[in-house]
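Remarks on the overall topology
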Amino acid sequence: MWGGRFAEGPAAVMREINASIPFDKRLWQQDIRASKAHLAMLAQQGIVGTEDAAQISAGLDKIAAEYEANGVPVDLSLEDIHMATEARLAELIGPAAGRLHTARSRNDQVATDFRLWVRDAMDAVAAGLVELQKALILRAEAHADAVMPGFTHLQSAQPVTLGHHLMAWYEMIRRDRARFADARARMNECPLGAAALAGTGFPIDRHATAKALDFDKPTDNSLDSVSDRDFALDYLMAASQCALHLSRMSEEIVIWASQPFGFVALPDQWSTGSSIMPQKRNPDAVELIRGHAGRITGCLNALMMTMKGLPLAYSKDMQDDKPPVFEAHDLLALSIAAMTGMVESVTFRTDRMRALAESGFATATDLADWLVREAGLPFREAHHVTGRAVKRAEELQSALADIPLAELQAIHPSINDSVYSVLTVDASVASRMSHGGTAPAQVRARIADAKALLGL
C-alpha cells in the first residue's frame, strides 16, 4: 500500500501491532455500503467512468457475498478491513479497483464506517430496550395492586405496589433509550469526503454520499471529521449508564431471590445450580449482568484515556477505538436480552411481599399524616408521637394496626378509632394518589401512558 516510500517491509512485530483486521473485520458491511455510496457519487460526478464504476460495483457485491458466506479472511499484511477489501477487489477486477479510493482516505473511510456501525449498534440497543420496557409494563400491569415493602437504606420504609416498583425500572430504561436517541441524532453527520484531513480537490458531492448513507448532512470541518470519536464515547457513556441501571435491577433480583427475602422464585432457564449443594438455585444471569456493568464502564474509560491527549487530526492510537466499543456492545446486548428474559419469566411471590410489608411498621408515616390532618398537629410533633407509637408496638410485639386504642391514646389523647382506617398497607398505598405515586390507580395511569408511548 505504501511501499513506494519504504525500501523494506515492516518487521513481524510491527506487522502485528499495526494490523487491525482481526477486530475491524466487523465493519465489513459498513465498509461495503460506504464504498458503494462513494463509488456512485464518483460516477455521478464524472470522476470515475461508467464502465469502471460498473465493474467496481459488481466486484464489491461479490466480495460482500464472500464475506457473508465465509467471513472476512485475516491477513495481517493487509492491515485492516479497508485494505483487505481493496486487495480482493483488485484480484477480481484488476487495476480498475484502484479508482475506488479516489477522493477519499482511510481516515475518512474508517470514520464513516465506524459511525455507520455505531449507529446500527444504537438502533439494535434501542430495539432491545423496547422489548424490556414491554416486559416491565406487562408484569407491572398484572401486579398493580400487589403490596410490597418499599425500602430506603434497604430498611422497610413505606408500602408500595409491585407494579409501582416495576414501573420505576421502566423509567430507568426510558431514560436510557432517550440517551441513545440523543447520541444518535448528534452523530448523524457524514465524514466521507473529508479525505485525510484537508478535504479533496476533486469535485465531489458530499451531500449526495451523506444522503445515500442516511446521514442528515455532511460534517462541516474536515479536520474534525477524521479526528472525532465523540460518537463512540457517546455510545459508551449511554451504554455505561444503561449497564448501571441493569446492574441495579439485577442487585434487587439477587436480594429478592435470597431466602431471607423470598420475594421471587427464579425460573429454571435463567438460573443455575451448585456443583456440591443440590438445593441451590443461583441467580447467575443477573449476577453476570451486574458484573458486565463493570466491564462496560471499563470500556468507556479505556476509550476516554485513548483520546484524552491526541492532537488533530488522525493518530494511530485511534485504531484502538473499536475494541472497547465492540466489547461493550456485545456485553450490553447480552445483558438486555437476559434481563428481558428474567423479567418475563420470574415468579413474584406477592404473598411473601405482603407479609413483610405488614410486619415492618411501614404505615408509620400514615399515622403521622393522620395526626396532621385529623388532630391538627405540626408534622414534627406528629413524627415524635408516631415514633413513640412504634416503640410501644415493638414492646407489645404488635403491628401498628393491632395496638389497642387505649395504648395509642396514652401516647396522645387526640387519637381516636378512625385512625385504624389508615394503618393497613392497602389503605396506605391507596392514599398515595399524587402524580407518580404508588396508588394502584396512579400505577395504572402511568402504565397507560407508557403503553401509548410504545404503541401497545
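Residues numbered from 1 in each chain as written. Predicted model: local features only at pLDDT ≥ 70, side-chain atom pairs only at ≥ 80, totals over all residues. Heavy atoms only, no water.

1. Let's talk about the pattern of salt bridges
Any two side chains of opposite charge can pair, given that their charged atoms come close. Our working definition: We define a salt bridge as a contact between a side-chain nitrogen of Lys or Arg and a carboxyl oxygen of Asp or Glu at a distance within 4 Å. Think of it in three bands: residues with accessible area under 20% of the maximum for their type are buried, residues over 50% are exposed, and the middle band is partly exposed, with areas taken using a 1.4 Å probe on protein chains only.
Across all of its chains, the model carries 30 salt bridges by this definition. A salt bridge links Asp321 to Lys322; the shortest N-O distance between them is 2.8 Å. Lys322 matches Asp321 in its accessibility class, with the two residues each being buried. Each of Lys62, Glu66, Arg88 and Glu91 takes part in a single network of salt bridges with overlapping partners.

2. Section: unusual backbone geometry
Our working definition: Helix and strand definitions here come from DSSP, where helices need a minimum of 4 consecutive H or I residues and strands a minimum of 2 consecutive E residues; each element is numbered from the N-terminal end.
With an omega of 10°, the peptide bond running from Leu312 to Ala313 counts as cis. With respect to the helices, strands and loops of the structure, Ala313 is situated in the loop between α11 (284-307) and α12 (322-345). The backbone of Glu79 sits at a positive phi, close to 70°, despite the residue not being glycine. Positive phi, close to 65°, is recorded for Ala103, a residue that is not glycine. With respect to the helices and strands, Ala103 occurs in the loop between α5 (81-93) and α6 (106-142). With relative accessibility at 9%, the residue Ala103 sits in the buried group.

3. Points about a nonpolar patch on the surface
Spelled out, the test is: Without a salt bridge and with relative accessible area above 30%, a residue can belong to a patch; like charges are then joined within 9 Å and nonpolar side chains (Val, Leu, Ile, Met, Phe, Trp, Tyr) within 5 Å. The accessible surface values rely on the Shrake-Rupley method and a 1.4 Å probe; as for residues, cover is taken only from the protein chains in view.
Nonpolar side chains collect at one region of the surface, where Leu197, Leu223 and Leu312 lie side by side and expose about 270 Å² of accessible area between them. When you line up the elements, Leu223 lands in helix α9 (residues 222-227).

4. Observations concerning empty space enclosed by the protein
Space left empty within the atom packing is revealed by a probe, the size of a water molecule, rolled over the atoms. For the record, the criterion: The distinction between a cavity and a pocket rests on a 1 Å grid over the protein atoms alone: a 1.4 Å probe fits inside a cavity but cannot get out, while a pocket stays open yet meets protein on both sides within 12 Å along at least five of seven lines, and a residue with an atom within 4 Å of a point counts as lining. Grid points are joined across faces, edges and corners, and a volume is the space filled by probe spheres set on the points. Residue type decides the class: Asp, Glu, Lys and Arg count as charged, Ala, Val, Leu, Ile, Met, Phe, Trp, Tyr, Cys and Pro as nonpolar, and the leftover types, Gly among them, as polar.
The tally for this structure, following the rule as stated, stands at one cavity of 30 Å³ or more. Empty space within the largest cavity amounts to approximately 50 Å³. In terms of lining residues, the largest cavity is bounded by Asp31, Ser35, Leu60, His82, Thr85, Glu86, Leu89, Leu100, His101, Arg104 and Gln109. Those elements giving two or more residues to the lining of the largest cavity turn out to be α3 (28-44) and α5. Top contributing element to the lining of the largest cavity by residue count: α5, with four residues. Its residues assigned to classes, the lining of the largest cavity shows three nonpolar, five polar and three charged.

5. Notes on the state of the cysteines
Note the threshold: What counts as a disulfide here is a pair of cysteine sulfur atoms lying within 2.5 Å.
According to the stated counting rule, one finds zero disulfides in the structure shown. The closest cysteine sulfur to the non-disulfide-bonded Cys242 is located on Cys299, 14 Å from its own sulfur.

6. Thoughts on the pairing of strand β1 (residues 147-152)
Selection rule: One requirement defines pairing of two strands: DSSP has to find at least two bridges between them.
Bridge count between β1 and strand β2 (residues 155-161): six bridges; the pairing is antiparallel. Bridged to Val147 within β2 is Thr161. The turn joining β1 and β2, which pair antiparallel and follow one another in sequence, is formed by two residues; a positive phi near 60° is taken by His153.

7. Some points on helix α4 (residues 50-70)
Spelled out, the test is: Any helix carries an expected span of 1.5 Å times its number of residues minus one. This arc corresponds to the set of directions leading from the helix axis out to the C-beta atoms. Here, residues are in contact when the closest pair of their heavy atoms is within 4.5 Å.
Taking 1.5 Å per residue, 21 residues should reach 30 Å; α4 reaches 30 Å between its end C-alpha atoms and fits that length. The set of residues buried in α4 consists of Ala53, Ile56, Gly59, Leu60, Ile63, Ala64 and Tyr67. Each buried residue of α4 lies within a common arc of 145° when the element is viewed along its axis, so the set occupies one face. Those residues of α4 that are exposed and angled more than 90 degrees off the buried face are Thr50, Glu51, Glu68, Ala69 and Asn70. Structurally, α4 contributes buried residues whose contacts are with α3 and α5. Just downstream of α4 lies Gly71, where phi reads positive at about 85°.

8. What about the nonpolar core?
Convention followed: Working definition of a nonpolar core: buried Ala, Val, Leu, Ile, Met, Phe, Trp, Tyr and Cys residues. They are joined through side-chain atoms within 4.5 Å.
Formed by 99 residues in total, the largest nonpolar core has its most connected members in Phe180, Tyr235, Leu246, Trp256 and Leu332. Among the elements that take part in this core, helix α10 (residues 230-257) stands out by supplying 16 residues, more than any other. Not counting the four nearest positions on each side in its chain, Tyr235 is found in contact with Val118, Ala121, Met122, Val125, Phe180, Val325, His329 and Leu332. Residues Leu377, Val385, Leu408 and Ile411 belong to the second largest nonpolar core, which totals 19 residues.

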